[in-house]
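# Geometric and topological summary
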4 protein chains.
Amino acid sequence: MDQPLRPERPATRIQTANREAILAAALPIFATYGYRGTTIDQIAKRAGMSKPNLLYYFRRKEEIYEALLQRTLTEWLAPLRMLERDGDPETELRQYIGAKLRMSFEQPEASRLFANEVLNGAPVIRPFLETDLRALVEAKAEVIAHWVERGRIASVDPVHLIFLIWATTQHYADFAAQIEAVLGDRAKSRDFLTETTEAVLAIVLNGVSRAEARS
Amino acid sequence: MDQPLRPERPATRIQTANREAILAAALPIFATYGYRGTTIDQIAKRAGMSKPNLLYYFRRKEEIYEALLQRTLTEWLAPLRMLERDGDPETELRQYIGAKLRMSFEQPEASRLFANEVLNGAPVIRPFLETDLRALVEAKAEVIAHWVERGRIASVDPVHLIFLIWATTQHYADFAAQIEAVLGDRAKSRDFLTETTEAVLAIVLNGVSRAEARS
Amino acid sequence: MDQPLRPERPATRIQTANREAILAAALPIFATYGYRGTTIDQIAKRAGMSKPNLLYYFRRKEEIYEALLQRTLTEWLAPLRMLERDGDPETELRQYIGAKLRMSFEQPEASRLFANEVLNGAPVIRPFLETDLRALVEAKAEVIAHWVERGRIASVDPVHLIFLIWATTQHYADFAAQIEAVLGDRAKSRDFLTETTEAVLAIVLNGVSRAEARS
Amino acid sequence: MDQPLRPERPATRIQTANREAILAAALPIFATYGYRGTTIDQIAKRAGMSKPNLLYYFRRKEEIYEALLQRTLTEWLAPLRMLERDGDPETELRQYIGAKLRMSFEQPEASRLFANEVLNGAPVIRPFLETDLRALVEAKAEVIAHWVERGRIASVDPVHLIFLIWATTQHYADFAAQIEAVLGDRAKSRDFLTETTEAVLAIVLNGVSRAEARS
DNA sequence: GATGAATGAGCCTTCATTCAT
DNA sequence: AATGAATGAAGGCTCATTCAT
C-alpha cells in the first residue's frame with residue numbers, strides 16, 4: 001500500500017511526535033479499561049486528533065496496544081536485569097525493590113497495562129513471557145540460589161522470592177484505587193513512597209535474612 | 001441489588017437455580033475479559049440459556065457484575081476477619097496466609113474479578129472499599145499494631161503488612177498466566193500450592209519475626 | 001453462539017419470510033452494483049427492515065451474496081441439464097435456447113448477478129465452476145458431439161456452441177441497458193421476447209444445420 | 001473531459017506520461033472490481049505514485065473511469081464501423097468477427113470494463129449509447145438489411161445479428177474466468193484464439209448463409 | 001418462564017478527497 | 001510535480017436492551 005508507515009521510509013518529525021502523542025494518550029486508557037474496553041475514539045480525543053488521523057499512524061487498535069506493551073516490557077524488567085550475582089545481596093535487593101516501587105509510583109499506568117494484559121490471559125505477550133521473561137527469571141533465580149548456597153541469605157525459594165517482590169511492589173500501582181480508598185489521604189501524601197519503601201524493605205529484607213530461617 | 005425481580009413473590013427454586021447458573025457462568029468471563037470486554041451473549045451461552053431469558057433474571061449486565069462482586073467480596077475478606085488479637089501472631093498469620101493462598105488457587109477467578117474491578121478504578125465497589133473494607137483494615141491493623149507493641153512480632157507497619165500479604169497471595173491467581181508461562185509444568189504440579197505456601201510463609205513469617213528488626 | 005439460524009432449530013415462518021425478503025431485496029442490488037458496490041443499508045432499506053435486523057438473519061454480507069448465488073446457479077443451469085441425447089437436435093436446441101431466453105427476460109437480475117460474479121473473477125463460485133459446471137458441460141458437449149457424429153447437425157465444436165448459446169441468450173439480460181439504449185421502445189415492446197427468440201433461433205439453428213457446413 | 005488540468009498550458013511530457021500510466025493501471029482494476037469496488041489506493045499503488053499525486057492528474061475517481069471508458073469505446077467500435085455495405089458479406093462478417101475476437105483475447109480488460117459499466121446500468125455511457133452507438137447500429141443494421149434484401153445472406157434480423165456477434169465474441173473476455181474454470185488448460189492454449197475463431201465463424205457464417213433459411 | 005425478533009447506539013475501519021508544504 | 005498529513009462520511013458488524021408472544 002502507500003501507507004506512510006513503511007519501515008523503509010524514515011519517520012518524519014511529525015510522525016514521531018504524533019505516534020508518541022498517541023501512545024501517551026493510549027496508555028492510561030488501556031491501563032484502566034483493558035484492550036476491549038478501550039475505544040479508538042477515546043484515544044483520539046485524548047491525543048487531540050481525529051479518529052481517522054490516528055489510524056493513519058497506527059492502522060489498527062491492536063498496533064497501538066502492542067507498541068505500548070513492547071515499550072513497557074523492556075523498561076519494566078530493567079531493574080531485575082541489574083541484579084548482580086557478585087553484589088551484596090542486601091544492597092542488591094534493596095536497590096531492586098526500591099527501583100520497582102519507584103516505577104510503580106511514577107508509572108502506575110504502565111504497571112496496570114501489564115496487569116490487565118496478564119489478567120486477560122496474556123494473549124499478546126505470552127510468547128514473550130514464555131521465552132525472554134522465563135530466561136530472565138531463570139538467570140536471576142540462579143543468582144539468588146547462589147546467595148543461598150553461600151549462606152548470604154536465608155534459604156528461600158528464589159522464584160517465589162521474585163514473585164513476592166513483583167507482587168508486593170506492583171500492588172501499589174495495580175491496586176492503587178483500593179489503597180487510596182482504604183488509606184485516604186495517607187496514600188496521597190508526598191511521603192507515601194518513602195513510607196512504603198521502608199515498610200516493604202523492612203519485611204522483605206528481614207524475611208530473607210539469615211538469622212533464623214523458618215520452615 | 002440481588003433481589004428477585006418480583007419482590008412480592010419469593011424466589012422460586014427455578015429462579016434461584018438459574019440466577020446461580022448465570023453467576024457461575026459469568027464469573028470466569030468477567031474475570032478474564034473485564035466488565036466491558038464481557039458480552040451477555042458469552043454468559044448466556046455458557047449458562048445454557050437464551051440472552052433474553054438471562055435478562056429476565058438480571059435486567060442489566062451491570063446487575064450480574066454487581067451481584068458477583070458483592071458475593072465475592074464477603075467471601076474474600078473472611079480470612080482477614082478471623083485474625084484474632086489474642087491469638088498467637090505466627091499461628092494467626094500462618095492461617096491467614098494459608099487461607100488466602102488456598103483461595104487464590106481454588107478460586108482464582110474470583111480474585112481476578114476483583115483485580116479487574118480495582119484496576120478499572122473500582123467504579124462499582126469503591127463505596128464498599130471506602131467504608132467496610134477501610135474499617136476492617138483499620139481494625140486488623142490495630143491487631144497487628146497490638147502485636148508489635150507487645151513485642152510479639154517485629155516492628156512492621158501493619159497496613160503495609162496487610163497489603164504485602166494481599167499482594168503476595170493474590171498474585172498467584174491474578175498473574176497465573178505469567179507464572180505458568182515462566183514456570184511451565186512446575187506451576188501445574190499438584191504440589192504447587194504446598195510449595196508456594198511454604199515459600200511464602202518462610203519469607204513473610206521470617207520477615208515479621210522479632211530477632212533482628214531492620215531499618 | 002445463540003444465533004437463531006442454527007440448522008438444528010427449524011426456521012420459523014417469520015424467519016423464512018424475512019430471509020426470503022432479504023434475498024429478494026438483495027438480488028437486484030447485487031446484480032447492479034456487484035458485491036463490493038452493494039451496501040447492507042441498501043438491502044435493508046429495500047427489504048423494509050433495519051440493518052441490524054437484517055444481520056440477524058444473515059450474519060454477513062457475504063452470506064446473503066452466497067445464498068443468492070447458490071440459489072441462482074441451480075436454477076440457471078436447469079435448462080442445459082434437460083438437453084437429451086436421444087431427442088431431436090433441433091427440438092432440443094430450440095427448447096434450450098427458448099428456455100434460456102425466457103429466463104433472461106424474466107429474471108434478468110439473476111443473470112446479471114452471475115455475470116458480475118464471473119466478471120470479478122468468480123471468487124465465490126469458482127469451485128462450483130471447476131467441478132459441477134465443468135462436469136455438466138462435458139456431459140452435454142458429449143451429447144452434442146454425439147449428434148455431430150450421427151450427422152444430425154453440422155460439424156460444430158460442442159463446447160463453443162454451448163458458449164455461444166450462453167453468450168447470446170444471457171446478453172439480453174446482462175446488456176439490457178445497452179440494448180434499451182440502442183433500440184429504444186422496441187426493446188420494451190411486449191413482443192420483444194418473441195422477436196428475439198425467433199431471431200436467435202433462426203441464426204443458431206441454421207448455424208448448426210447440416211446443409212453445408214463451412215470451414 | 002480528458003483535458004489537462006490547466007487548459008492554459010499545454011500538457012507536458014510528464015503529464016501525458018503520468019496520465020497514461022494512471023489509465024493503464026486503472027483499467028484492469030476497474031475491469032475486475034467495477035467502479036465502486038475500485039479504490040484510488042489500488043490504482044495509485046499500481047501506477048507507482050502517491051494517492052494525492054494521482055489526484056493531481058485526475059481530480060476525481062470518476063474522471064479516471066470516464067477517461068478510460070471514452071478511450072475504450074472508440075476503439076471498441078472500430079471494427080463495426082468497418083462493415084462495408086458493398087463488401088462481400090461473408091468476408092465482411094469474417095473480418096468483423098475475427099477482429100472482435102482478437103480484441104477480446106488481447107484486451108479482455110477493456111471488454112470487462114465496458115461490461116461492468118453496462119451491467120451497472122450504464123450510468124456513465126448511457127448518453128453515448130443513446131446517440132452515437134444507436135446511430136452506428138442503425139447504420140450497420142441497414143447494411144445487413146441491404147445484404148438480406150439482395151439475397152446475399154439469409155433473412156436474419158440485422159440488429160439481433162449484431163447483438164449475437166457482440167455477445168458471442170465478448171463472452172470470451174467477459175466470462176473468461178468461467179471459460180477457464182470449465183475448460184482448464186485448453187483455454188490457456190496458444191491456439192485457443194484460433195480454435196475459437198474457427199468455431200464461432202463456422203456457426204455464425206453458416207447461420208446467416210442462404211442455403212436454407214429456417215423459421 | 002422462555003424465546004424469536006427487532007433496534008439504537010456504538011465501534012473499528014476504509015475511502016475519496018482536501019490541505020499544506 | 002509531488003507527498004505527508006488530515007478528515008468527513010460512510011460501511012460492516014457487534015452489543016445491550018426491548019418487545020411480543
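Looking now at the overall build of chain A. A tally of helices and strands in chain A yields 10 helices and zero strands. Listed N to C, the secondary structure of chain A is α-α-α-α-α-α-α-α-α-α in terms of helices and strands. Judged by the C-alpha coordinates and their principal axes, chain A covers about 65 × 45 × 30 Å. Scored against the burial criterion, the 215 residues of chain A give a buried share of 54%. When contacts within chain A are restricted to residue pairs at least 6 apart in sequence, long-range pairs at least 24 apart make up 69% of them.

Okay, the relation of the copies chain B and chain A next. For these two chains of identical sequence, chain B goes onto chain A by a turn of 180 degrees and a shift of 0.0 Å along the axis, with RMSD 0.2 Å. Such values leave the two copies arranged in the relation of a two-fold axis. Considering only C-alpha atoms, the part of chain B nearest the rotation axis is Gly207(B), at 1.7 Å.

Moving on: the arrangement of the chains. Left apart from each other, chain A and chain C have a closest C-alpha approach of 19 Å. A minimum C-alpha distance of 34 Å separates chain B and chain D, which share no contact.

This part is about the nonpolar core. Counting residues in hydrophobic clusters, the biggest one holds 143 residues, and the most contacted among them are Ile22(A), Ile43(A), Ile64(A), Ile22(B), Ile43(B) and Ile64(B). By residue number, the principal contributor to this core is helix H4 (residues 61-81) of chain B, which donates nine residues. Each residue touching Ile64(A), except ones within four places of it in the same chain, is listed here: Ile22(A), Leu23(A), Ala26(A), Phe30(A), Ile43(A), Leu54(A) and Phe58(A). Core analysis: the second largest hydrophobic core is formed by 141 residues, Leu93(C), Ile125(C), Leu133(C) and Leu205(C) among them.

In this model, Ala122(B) sits at a positive phi of 55 degrees, which is unusual for a non-glycine residue. Secondary-structure assignment places Ala122(B) in the loop between helix H6 (108-119) and helix H7 (126-149).

A common way to express how large an interface is: the accessible area buried when the components associate. With 63 residues of chain B at the contact, the number on the chain A side is 64 residues. Carbon and sulfur atoms supply 61% of the area buried between chain B and chain A, which totals about 5700 Å² over both sides. Scanning the region where chain B abuts chain A turns up two salt bridges. Between Asp157(A) and Arg186(B) there is a salt bridge, and its shortest N-O distance comes to 2.9 Å.

This paragraph deals with the domain arrangement of chain A. Residues and elements named next belong to chain A. Parsing chain A into structural domains produces domain 1 (13-59) and domain 2 (72-208). Distance between the C-alpha centres of domain 1 and domain 2: 29 Å. Listed per partner, the contact involves six residues of domain 1 and five residues of domain 2. Taken together, both faces of the contact between domain 1 and domain 2 bury some 480 Å²; the carbon and sulfur share is 64%. When the area that domain 1 buries against domain 2 is broken down by residue, the three leading residues are Leu27, Pro28 and Ala31, summing to 69%. Put simply, domain 1 and domain 2 have one residue pair in polar contact (both at pLDDT 80 or more) between them. Along the lines of polarity and charge, the residues of the side of domain 1 that touches domain 2 split into four nonpolar, two polar and no charged.

We now examine the environment of Arg46(A). Residues and elements named next belong to chain A. In this structure, arginine 46 sits in helix H2 (residues 40-47). The spacing of arginine 46 and leucine 193 is 147 residues in sequence and 29 Å in space, taken between C-alpha atoms. Arginine 46 has contacts with Ala25, Pro28 and Ile29, leaving out every residue within four places of it along the chain.

Here we come to the environment of Arg210(C). Residue and element names in this part refer to chain C. Checked against the element boundaries, arginine 210 lands in the segment after helix H10 (192-208). Between the alpha carbons of arginine 210 and valine 156 there is a distance of 9.9 Å; along the sequence they are 54 residues apart. A polar side-chain atom of arginine 210 sits 3.5 Å from the main-chain carbonyl oxygen of glycine 151.

This part covers the environment of Ala139(A). All names here are of chain A. With respect to the helices and strands, alanine 139 occurs in helix H7 (residues 126-149). By relative accessible area, alanine 139 is classed as partly exposed at 39%. C-alpha of alanine 139 to C-alpha of glutamate 149: the two residues are 10 residues apart in sequence and 15 Å apart in space.

Here we take up the pattern of salt bridges. For the structure on display, the rule yields 36 salt bridges over all chains. Across the pair Arg186(A) and Glu195(A) runs a salt bridge, and its minimum N-O distance is 2.6 Å. Owing to a relative accessible area of 30%, Arg186(A) belongs among the partly exposed residues under this scheme. Across the pair Asp88(D) and Arg152(D) runs a salt bridge whose closest N-O atoms are separated by 3.3 Å.

Analysis parameters
- Residues numbered from 1 in each chain as written.
- Chains lettered and ligands numbered in written order.
- Predicted model: local features only at pLDDT ≥ 70, side-chain atom pairs only at ≥ 80, totals over all residues.
- Heavy atoms only, no water.
- Helix = DSSP H or I, 4+ residues; strand = E, 2+ residues; numbered from the N terminus.
- Buried < 20%, exposed > 50% of the residue type's maximum accessible area, 1.4 Å probe, protein only.
- Contact = heavy atoms within 4.5 Å.
- Least-squares fit on C-alpha atoms with pLDDT ≥ 70 in both.
- Core = buried A, V, L, I, M, F, W, Y, C linked by side-chain atoms within 4.5 Å.
- Buried area = accessible area lost by both parts, 1.4 Å probe.
- Salt bridge = Lys/Arg side-chain N within 4 Å of Asp/Glu carboxyl O.
- Domains from an automatic or database assignment.
- Polar contact = N/O pair within 3.5 Å; in protein donor to acceptor, adjacent residues only side chain to side chain.
- Nonpolar A, V, L, I, M, F, W, Y, C, P; charged D, E, K, R; others polar.

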